[in-house]
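One letter stands for each residue in the lines below.
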Amino acid sequence: MATNMKQRKHKYIFVIGGVMSGVGKGVTTASIAMLLQAKGFKVNPIKVDPYLNVDAGTMNPTEHGEVFVLNSGLECDQDMGNYERFLNLNLGNDDYITSGMVYRHVIDKERALGYKGKCVEALPHIPNEILRRIDRAVETSGSDVSVIEVGGTVGDYQNIMFLEAARRLWLTHRNDVIFILVSYLPVPGTIGEMKTKPTQNAVRLLNSYGIQQDFIIARGPVPLDEKRKEKLAIWCNTEAERVISAPDIESIYDVPLNFEKDNISSLILSSLNLKSRVRRDGFEKWKKFVSRTKNAKEELSIAVIGKYFDTGDFMLSDAYLSVIEAVKHAAAKLGKKAVLSWLNAKDYDHKSEDGLGKKEGSDISSLKQYDGIIVPGGFGEAGIEGKIKVIQFVRENKIPYFGLCYGMQLAVIEYARNVAGLLGAHTTEINKEALHKVIDIMPEQKKHMEEGKYGATMRLGAYEARVKDGTIARKAYGKEIIYERHRHRYEVNPEYIGHLEKVGMIFSATSPNGVLMEIAELPRKIHPFFLGTQFHPEFQSRPLVPHPLFTEFLKSASARRNKNK
Ligand code: GLN
């Protein structure tokens, strides 16, 4: 029950979405958390996701965007990445809650007679378990304020239990809980005017759950005008000053600064009876970073060769969110503006069929127009041969190449086939009978597969690695011992390492016992930048602390651009 919540001076801010998904609840949550952090509070963001998957690990990224991985190895929603980036914090397992985790716990507890003979029901046992988890997150983080993002939109069937938990918490802690509704105000082309009705309806729905929002974040294509602000204030029962204008803007990192134009942080603090703990806001460095991003003149054109882009007739880049952000952070550090292009790997495999027979793919030589190419993480067969062709092309044409996880494994396969002469080299993920299994499954992973245990069983989370002296990687990191986040089942097969090294490939980082290959690269005299990581460096890049490998990659992209001028 809500009354079980520990009696401590803690404040809770629930962020709830109205009208439609995709309006930026995650960035809003991250921005509010960051502003309160800048006011001297210890803040822990929490994401609650309504789906029944226990974690995000088994979901195809085209379903729900990128699967983000924490240091602990928990596979979670991409919003967790936004929180880590905005707050420059490493989050823990308790900061992520799904319906799957909640229901699983309740059912397991029931089986263990944990409810002592009671009838176990969705109400109140599910909200109780949600509140227990929120309480645990507060305790482990030792925070003053929690900003809790409720996944989904008001009116969804799936998130009702989370809203009910929030309402109950408010019932027992009225002075310590506030609600922020992130809504959308469309400007239909045929009308040419910003419309408030969908937001009014979202508020009515929210009210029907017993929740009255304290703030409205008015998302829309343009700023909110005074007239509509007043209208929302009257019809939605929220003071006009607490209706915050949130128009589309170029950089997500500008969102907190934009909110501050409407004094959001002081208004939130006063509604929670809190006073700023600092004399000056702590985000000077953030402001400088944002202005560097906005004012950068020189562009770097970077292509990402992926496959998780298509959704119906639309293209989305959400599956690669952390990669995109990591490129932006490194570009800002170098004073450049990264312009990203999305290329579908399938288009580079000329053998691909489209149901009508052979399909003409894209012209691979057009890749010369880019300053750098990234092949990010991925699973399965689709687009594989296209990616390998791209890698061969960029290697032979000395275009800077950065491979992330699958992008590293495929670079090793390409090198084995075309340089080491190992025709038939492949990963056993695609061909179990490959003549040369240069990328192979780990024995314990094989067991998981045989037992059908797919969830949370990959090599996940932060592992230590040692970086070898005299390599590009070592120069970038400037140190020997690194910790990087992983998410994969396959590894470079140790049997082929000697052969690959003999023909020029350098394994510049390995696990501490030297068995697992963590980074593969080619020496500078052969290629300006050809490097792949078995881990995902993108998960640890932060706006104010860009990842050194992304920075090194962009430096060489920039050198290529200057040479070609
Ligand atoms: N599919 C590969 C593996 O499981 C790579 C995974 C990834 O790119 N994250 O090892």
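Everything numeric in this text was worked out from a predicted model, so none of it was measured. (Residues numbered from 1 in each chain as written. Predicted model: local features only at pLDDT ≥ 70, side-chain atom pairs only at ≥ 80, totals over all residues. Heavy atoms only, no water.)

Novice: Can you walk me through the sheet that holds strand S9 (residues 243–247) in this structure?
Specialist: To summarise the sheet geometry, strands pair through backbone hydrogen bonds and adopt either a parallel or an antiparallel arrangement. Strand order in the open sheet formed by seven strands is S5-S2-S6-S1-S7-S8-S9, and the pairing between neighbours is parallel. Lying at the two open borders of the sheet, with one neighbouring strand each, are strand S5 (96–98) and S9. Between one strand axis and the next, the sheet turns through 20° on average, direction left out of account. Taken together, the five bridges between strand S7 (residues 177–184) and strand S8 (residues 215–220) define a ladder with parallel strand orientation. For Ser183, the partnering residue across the bridge sits in S8 and is Ala218. Strands in contact with helix H3 (residues 78–87) are strand S2 (43–49), S5 and strand S6 (145–150); relative to S2, the strand with the most contacts, it is inclined by about 170°. (Pairing = 2+ DSSP bridges. Helix = DSSP H or I, 4+ residues; strand = E, 2+ residues; numbered from the N terminus. Axes fitted to C-alpha atoms, helices over the stretch in contact; angles between N-to-C directions. Contact = heavy atoms within 4.5 Å.)

Novice: Please clarify how a nonpolar patch on the surface should be interpreted in this entry.
Specialist: Taken together, Leu52, Tyr103 and Ile107 make up a surface patch of nonpolar side chains, about 300 Å² in accessible area. With respect to the helices, strands and loops of the structure, Ile107 is situated in helix H4 (residues 99–111). (Patch = residues over 30% accessible without salt bridge, like charges linked within 9 Å, V, L, I, M, F, W, Y side chains within 5 Å. Areas by Shrake-Rupley, 256 points an atom, 1.4 Å probe, with all protein chains shown as cover. Salt bridge = Lys/Arg side-chain N within 4 Å of Asp/Glu carboxyl O.)

Novice: For this particular structure, what's the right way to read helix H13 (residues 384–396)?
Specialist: It helps to recall that an α-helix has 3.6 residues per turn; residues three or four apart then point in one direction. Between its terminal C-alpha atoms H13 stretches 18 Å, which fits the 18 Å expected from 13 residues at 1.5 Å a residue. Listed as buried for H13 are Ile384, Gly386, Lys387, Ile388, Val390, Ile391, Phe393, Val394 and Arg395. Where H13 is buried, its residues contact strand S10 (299–306), strand S14 (372–375), strand S15 (401–404), helix H14 (406–418), strand S16 (425–427) and strand S23 (530–533). Looking at the residues trailing H13, positive phi occurs at Lys398, about 55°. (Expected span 1.5 Å × (residues − 1). Buried < 20%, exposed > 50% of the residue type's maximum accessible area, 1.4 Å probe, protein only.)

Novice: How should the site of the ligand be read in this particular structure?
Specialist: The ligand sits among Gly377, Gly378, Phe379, Cys405, Tyr406, Gln409, Glu429, Arg487, His488, Arg489, Tyr490 and His536. One nitrogen or oxygen atom from the main chain of Tyr490 is found 2.9 Å from an oxygen atom belonging to the ligand. Cavity membership is defined here by more than half of the atoms lying within 2 Å of grid points; on that basis the ligand lies in the second largest pocket. Listing elements by their share of the shell around the ligand, those giving two or more residues are H14 and strand S19 (481–488). (Near = heavy atom within 4 Å. Polar contact = N/O pair within 3.5 Å; in protein donor to acceptor, adjacent residues only side chain to side chain. 1 Å grid on protein atoms, 1.4 Å probe; cavity = no way out; pocket = protein on both sides within 12 Å on 5 of 7 lines; lining within 4 Å. Sits in = over half its atoms within 2 Å of the grid points.)

Novice: Explain the sheet that holds strand S17 (residues 436–441) to me, please; I cannot follow it from the model alone.
Specialist: A sheet is described by the order of its strands in space; here three strands give the open sequence S16-S17-S20, paired in mixed fashion. Strands at the two margins of the open sheet, each flanked by one partner only, are S16 and strand S20 (490–492). Within this sheet the neighbouring strands show an average axis-to-axis angle of 30°, counted without direction. For S17 and S20, the ladder comprises three bridges, and the chain directions are antiparallel. Opposite Ile439, over in S20, you have Val492 as the bridge partner. Each of S16, S17 and S20 touches H14; the most contacted strand, S16, lies at about 165° to it.

Novice: Quick question: what am I supposed to make of the pairing of S6 here?
Specialist: Side-chain positions along a regular strand alternate between the two faces of the sheet. Within S6, six of the six residues are buried, leaving the element largely enclosed by the surrounding structure. The pairing of strand S1 (residues 11–17) with S6 spans five bridges and is parallel. Counted as the bridge partner of Phe14 is Ile148 from S6. Bridge analysis of S2 against S6 gives six bridges, and the strand direction is parallel.

Novice: Which parts of the structure should I look at to understand unusual backbone geometry?
Specialist: For residues that are not glycine, phi is negative in most cases, and the peptide bond is trans in most cases. Pro124 follows Leu123 through a cis peptide bond whose omega is 10°. Position of Pro124 among the secondary structure elements: in helix H5 (residues 122–141). Positive phi, normally seen in glycine, also occurs at Leu113, with a value near 60°. Looking at the element boundaries, Leu113 is found in the loop between H4 and H5. Since its relative accessible area comes to 64%, Leu113 is described here as exposed. The phi dihedral of Asn237 is positive, around 65°, even though this residue is not glycine. Summarising the element assignment, Asn237 is placed in the loop between helix H8 (226–236) and S9.

Novice: Just checking my understanding: could you explain a positive patch on the surface for this structure?
Specialist: On the surface, a cluster of positive charge is made up of Lys197, Arg204, Lys227 and Lys231. Those elements that place two or more of their residues in the positive patch are helix H7 (197–208) and H8. Checked against the element boundaries, Lys227 lands in helix H8. (Lys, Arg positive; Asp, Glu negative; His and termini not counted. Charge placed at Lys NZ, Arg CZ, Asp CG, Glu CD.)

Novice: Where do I start with the nonpolar core in this structure?
Specialist: General note: in soluble globular proteins, nonpolar side chains tend to be found buried as a group. Ile13, Ile32, Phe259 and Ile268 are the most contacted members of the largest nonpolar core, which totals 55 residues. Not counting residues within four places of it along the chain, the set of residues in contact with Ile13 comprises Ile32, Leu36, Val145, Ser146, Val147, Ile148, Ile178, Ile180, Ile268 and Leu272. Grouped together as the second largest cluster of nonpolar side chains are 44 residues, Tyr415, Ile430, Ile439 and Tyr496 included. (Core = buried A, V, L, I, M, F, W, Y, C linked by side-chain atoms within 4.5 Å.)

Novice: How do you make sense of the pattern of salt bridges when you look at a structure like this?
Specialist: Between side chains of opposite charge, a pair can form when the charged atoms approach closely. Going through the model one piece at a time under the given rule, you end up with 40 salt bridges. Of the charged contacts, one joins Glu75 and Arg487 as a salt bridge, the two residues approaching to 2.7 Å between their closest N and O atoms. Of this pair, Glu75 sits in strand S4 (residues 75–76) while Arg487 sits in strand S19, and the two are 412 residues apart along the sequence. Of the two residues, Glu75 and Arg487, neither departs from the other in class, the shared state being buried. We note a salt bridge from Lys336 to Glu298, for which the minimum N-O separation is 2.7 Å. Residue Lys336 is located in the loop between helix H12 (321–333) and strand S13 (337–344), and its partner Glu298 is located in the loop between helix H11 (284–295) and S10; the two are separated by 38 residues in the primary sequence. With relative accessibility at 15%, the residue Lys336 sits in the buried group. Taken together, the shared-partner salt bridges connect Lys47, Asp49, Asp77, Asp79 and Glu149 into one network.

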